[in-house]
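# Report on the structure
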Amino acid sequence: MARIVSRALPFASRTSLCLSRPPPLPGAALLRSAAAVPPPLPPAASLLSWRGLTGAPEPSLAAPPPFAGFLSGIRGFRKVRRGPPAAKRSQPQDAAPPPPPPPPKEGEIELIARIGVEEDMPDDDEVLNIVEILKLNVPMAMKIALDGLVDSNYSTRDTSISDVGKYDKVEVSVLLCNDNFIQNLSKEWRGEDCTTDMLSMSQHIPDLDVPILMLGDIVISVETAAKQAEEKGVTLLDEVRVLVVRGILHLLGFNHETSDEDAMEMEKEEHLILKSLRWKGKGLAKGAHDSSKLQPDSLDGQMTDSQKRAVTLRFYRPKFKYIFCDMDGTLLNSKSQITARNAEALREARSRGVNIVIATGKARPAVIDALSMADLSGKTGIVSESSPGVFLQGLLVYGSEGRQIYKRNLDQEVCREALLYSLEHKIPLVAFSQDHCYSIFDHPLVDSLHYIYHEPKAKIVPSVDQLLGTAEIQKVLFLETPEGISSALRPYWAKAIEGRAHVVQAQPDMLELVPPATSKGNGVQILLNHLSISPDEVMAIGDGENDIEMLQLASLGVALANGSEKTKAVANVIGATNDEDGVAQAIYEYAF
């Protein structure tokens, strides 16, 4: 017997209560109605085989007991340790192990609750606090529910578990998980490909004569529980407690889904337990029915965007540690503004530990200014003078603490030729030099670069020689109509600077000349190397031709629907447009 308990306990936290042993009930029924709870799986059909895992062998056991628990061997059922800092201090090697809990007194039944968290759940403080509370709460609920079996007069309850007086111990496992886990479990175990708030899986084998009653396992999705709690106006702890009671009653033979009479009897027992424990929350039979009306369904079983609110997003483990995001045509809409939904998605991603890195053709001050309107710039934002980022098409790269780690200047003769061409053809041009912009004559399009696109206001330097002597130029940008660029400017400059510089077009009405063998993708690679980031940890979002290498470099490249055909051709997925909150959609759909 000791071996069975020692095998079960390492996978989760153990909490015990003692229940006064009732006298054995003569002739207690051992038959189970098929409608009450699903039948126990045979020993070989455990979750281990479902996940393709094998339990670690234990030399002290010839074979695992067949009733060791549906979840006891799963790697995803991890022990949660949380306590005061003193408990985490390392102990001397020769220190004696902590004493085992005292054995129950003769005539008492030991109640054991094993509480675990599925491995893909993030270490959310609220969930960890609930785990600690459940260590005490679950045995309390077990005690009241088992006490109620002695004088039970429910006609619809499956009575396969009624004589608890013959057991030394009663054990139940509770696993907190996310929607994806419970959906997969429901699909494999029940054949229903949908999310649910709770699954209960009986491990009781009536004909097995052993001194421990393995009630079974209760699996609770904290994502669905959080939505239901919000809809009912209660806390997440309140909803989880109610789901625990529901699971225990299912394991004891209650079922509210088979008939109205069954539902009424289960609701009565729920009410008695919740009232006895002074726990908040609606009775489960009614509460589950009410909440189902409030939740939008998803035909494919997946979360819809509207369901992925901040109240539940924290329960998703992000798939990527970094999101590299373009600005114009991507994060900013056609009015060069960041929408509220895009801003909210960035905040939620950051709250889950995802690092947002801007990779753009803009100067750093332009990005800071554009995102300041959504309170996303500065030390507490996603961009500041002390944050990493890729700017000016990868010609300026800032690393840790905002330190410049890379800069590349445009050949001065190319700059001279471009400035003279601008003067001769009266086509406005802006030269970029780190955090400053220069031009050689006033023009409304030059002003629009500042007032619409947030770039630093260009300083007018009428002499070409004076401008070239003032600053080092990283890139120059022509402002012209899309037709003028495609028919004249681009063909001319692609030939005129061949081998000396490179033509980049991020926007239809802008043409940029940059140093050869440089690109935004090259700047991203430099930053990845600097921060020791693997491309497998990166998701990238962009729209223009200058984003192609960045999307190819990332583990997942998302091109927005408004992007160029060349960009969409190399992307892994194509998202919504920048005017349809494409960045937010991509984050909600692919980052979690």
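Details of the structure are given in the entry above.
Keep in mind that this is a model prediction, so the values were computed, not measured.

## What about the side chain of Ser439?
With respect to the helices and strands, the residue Ser439 is situated in strand 13 (residues 436-439). Only 3.4 Å separates the side chain of Ser439 from the backbone oxygen of Phe441, close enough to count as a polar contact. Every residue in contact with Ser439, bar those within four places of it in the chain, is listed here: Leu429, Val446, Ala458, Lys459, Ile460, Val461 and Leu467.

## Regarding helix 14 (residues 444-451)
Restricting attention to buried positions, one finds in helix 14 the residues Val446, Ser448 and Leu449. Viewed end-on, helix 14 has its buried residues packed into an arc of 155°, placing them on one side of the element. Of the exposed residues in helix 14, the ones pointing more than 90 degrees away from its buried face are Pro444 and Tyr451. Looking at the packing, one finds that the buried side of helix 14 touches strand 12 (429-433), strand 13, strand 15 (475-479) and strand 17 (510-514).

## Points about empty space enclosed by the protein
Per the stated rule, a full pass over the model turns up four cavities of 30 Å³ or more. By volume, the largest cavity is sized at about 150 Å³. Along the walls of the largest cavity sit 20 residues, with Asp328, Gly361, Lys362, Ala506 and Glu512 positioned nearest its centre. Secondary-structure elements contributing two or more residues to the lining of the largest cavity are strand 15 and strand 17. Approximately 70 Å³ is the volume found for the second largest cavity. Along the wall of the second largest cavity there are 10 residues; nearest its centre are His204, Ile205, Leu208, Val210 and Ile212. By residue class, the composition of the lining of the second largest cavity is eight nonpolar, two polar and no charged.

## Overview of the sheet that holds strand 8 (residues 355-358)
Adjacent strands of a sheet pair through backbone hydrogen bonds, lying either parallel or antiparallel. The sheet built from five strands is open, its strands ordered 8-7-18-19-20 with parallel pairing. Each edge of the sheet is formed by a strand with only one pairing partner; in this case those strands are strand 8 and strand 20 (573-575). Looking at each pair of strands side by side, their axes are set apart by 25° on average, direction ignored.

## With respect to the packing of aromatic side chains
Any aromatic ring pair is given by two values, namely how distant the centres are and how the planes are angled relative to each other. In total, this model carries seven aromatic pairs according to the counting rule given. Between Tyr421 and Phe478 the ring centres are 5.9 Å apart and the planes differ by 80°, which places this aromatic pair in the edge-to-face class. Taken together, the residues span a long stretch of sequence, with Tyr421 in helix 13 (residues 412-425) and Phe478 in strand 15 at a distance of 57 residues. Exposure class is identical for Tyr421 and Phe478. Each is buried. One Lys or Arg, Arg364, reaches over the ring of Tyr398 and ends 3.8 Å from the middle of that ring. Sitting over the face of the ring of Phe441, Lys426 holds its NZ or CZ atom 5.9 Å from the ring centroid.

## Let's talk about the environment of Gln228
Structurally, Gln228 is set in helix 5 (residues 222-232). In the structure, Gln228 is positioned 31 residues away from Asp197 in sequence and 8.6 Å away in space, judged by C-alpha atoms.

## With respect to the pairing of strand 6 (residues 212-221)
The element strand 6 is extensively covered by neighbouring structure, given that 10 of its 10 residues are classed as buried. Bridge analysis of strand 4 (residues 169-177) against strand 6 gives nine bridges, and the strand direction is parallel. Looking across to strand 6, one finds that Val172 is bridged to Gly216. Two elements, strand 5 (residues 198-202) and strand 6, share five bridges in a ladder whose sense is antiparallel. Across the sheet, the residue bridging to Met201 is Asp217, located in strand 6.

## Observations regarding the nonpolar core
Counting residues in hydrophobic clusters, the biggest one holds 53 residues, and the most contacted among them are Leu331, Ile338, Leu346, Leu371, Met539, Ile541 and Ile587. Top contributing element to this core by residue count: helix 20 (residues 582-590), with six residues. Apart from the residues within four sequence positions on either side, Ile338 is in contact with Leu331, Leu332, Ala343, Leu346, Ala370, Leu371, Ala374 and Leu376. If you look at the next biggest cluster of nonpolar residues, it comprises 49 residues, including Met121, Ala141, Val170 and Trp279.

## Some points on the pattern of salt bridges
The final tally for this structure, using the stated rule, is 20 salt bridges. Among the ionic pairs, Arg246 bridges to Asp197, the shortest N-O distance being 3.0 Å. A residue pair is termed long-range when its members are at least 10 positions apart, and Arg246 in helix 6 (residues 236-251) and Asp197 in the loop between helix 4 (179-190) and strand 5 qualify at 49 residues. Among the ionic pairs, Lys520 bridges to Asp326, the shortest N-O distance being 2.9 Å. Note that Lys520 is positioned in helix 17 (residues 520-531) and Asp326 in the loop between strand 7 (322-325) and helix 10 (327-331), a separation of 194 residues in sequence. Overall, Lys520 belongs to the buried group, its relative accessible area being 1%. Linked through salt bridges whose partners overlap, the residues forming this network are Asp326, Lys520 and Asp547.

## Points about unusual backbone geometry
Positive phi, close to 55°, is recorded for Asp375, a residue that is not glycine. With respect to the helices and strands, the residue Asp375 is situated in the loop between helix 12 (364-372) and strand 9 (389-391). The exposure class of Asp375 is exposed, given its relative accessible area of 63%. Phi is positive for Gln434, which is not a glycine, with a value near 55°. Mapped onto the elements of the fold, Gln434 is located in the loop between strand 12 and strand 13.

## Overview of the sheet that holds strand 11 (residues 404-407)
Within the open sheet, the three strands sit side by side as 9-10-11. Their pairing is antiparallel. Single-partner strands in this sheet number two, and they are strand 9 and strand 11. Strand-to-strand twist across the sheet, computed as the mean angle between neighbouring axes with direction ignored, equals 15°. Bridge count between strand 9 and strand 10 (residues 396-398): three bridges; the pairing is antiparallel. Residue pairing for strand 10: Gly389 is matched across the bridge by Tyr398.

## Description of the packing of helix 13 against helix 16 (residues 482-496)
Where helix 13 contacts helix 16, the axes come no closer than 13 Å and their chain directions differ by 155°. Taken together, the axes of helix 13 and helix 16 are roughly antiparallel relative to one another. Here helix 13 runs over helix 16; the crossing is right-handed. Residues Glu417, Ala418 and Tyr421 of helix 13 touch helix 16, and the partners they reach there are Leu489, Tyr492 and Trp493. Within the contact of helix 13 with helix 16, the residues separate by chemical class into five nonpolar, no polar and one charged.

What counts and what doesn't
Residues numbered from 1 in each chain as written. Predicted model: local features only at pLDDT ≥ 70, side-chain atom pairs only at ≥ 80, totals over all residues. Heavy atoms only, no water. Helix = DSSP H or I, 4+ residues; strand = E, 2+ residues; numbered from the N terminus. Polar contact = N/O pair within 3.5 Å; in protein donor to acceptor, adjacent residues only side chain to side chain. Contact = heavy atoms within 4.5 Å. Buried < 20%, exposed > 50% of the residue type's maximum accessible area, 1.4 Å probe, protein only. Arc of directions from axis to C-beta. 1 Å grid on protein atoms, 1.4 Å probe; cavity = no way out; pocket = protein on both sides within 12 Å on 5 of 7 lines; lining within 4 Å. Points joined across faces, edges and corners; volume = space filled by probe spheres on them. Nonpolar A, V, L, I, M, F, W, Y, C, P; charged D, E, K, R; others polar. Pairing = 2+ DSSP bridges. Axes fitted to C-alpha atoms, helices over the stretch in contact; angles between N-to-C directions. Phe/Tyr/Trp six-rings, centres within 6.5 Å; stacked < 30°, edge-to-face > 60°. Lys NZ or Arg CZ within 6 Å of the ring centre and 35° of its normal. Core = buried A, V, L, I, M, F, W, Y, C linked by side-chain atoms within 4.5 Å. Salt bridge = Lys/Arg side-chain N within 4 Å of Asp/Glu carboxyl O. Parallel < 35°, antiparallel > 145°, perpendicular 65-115°, else oblique. Left-handed = near helix turned anticlockwise from the far one by under 90°.

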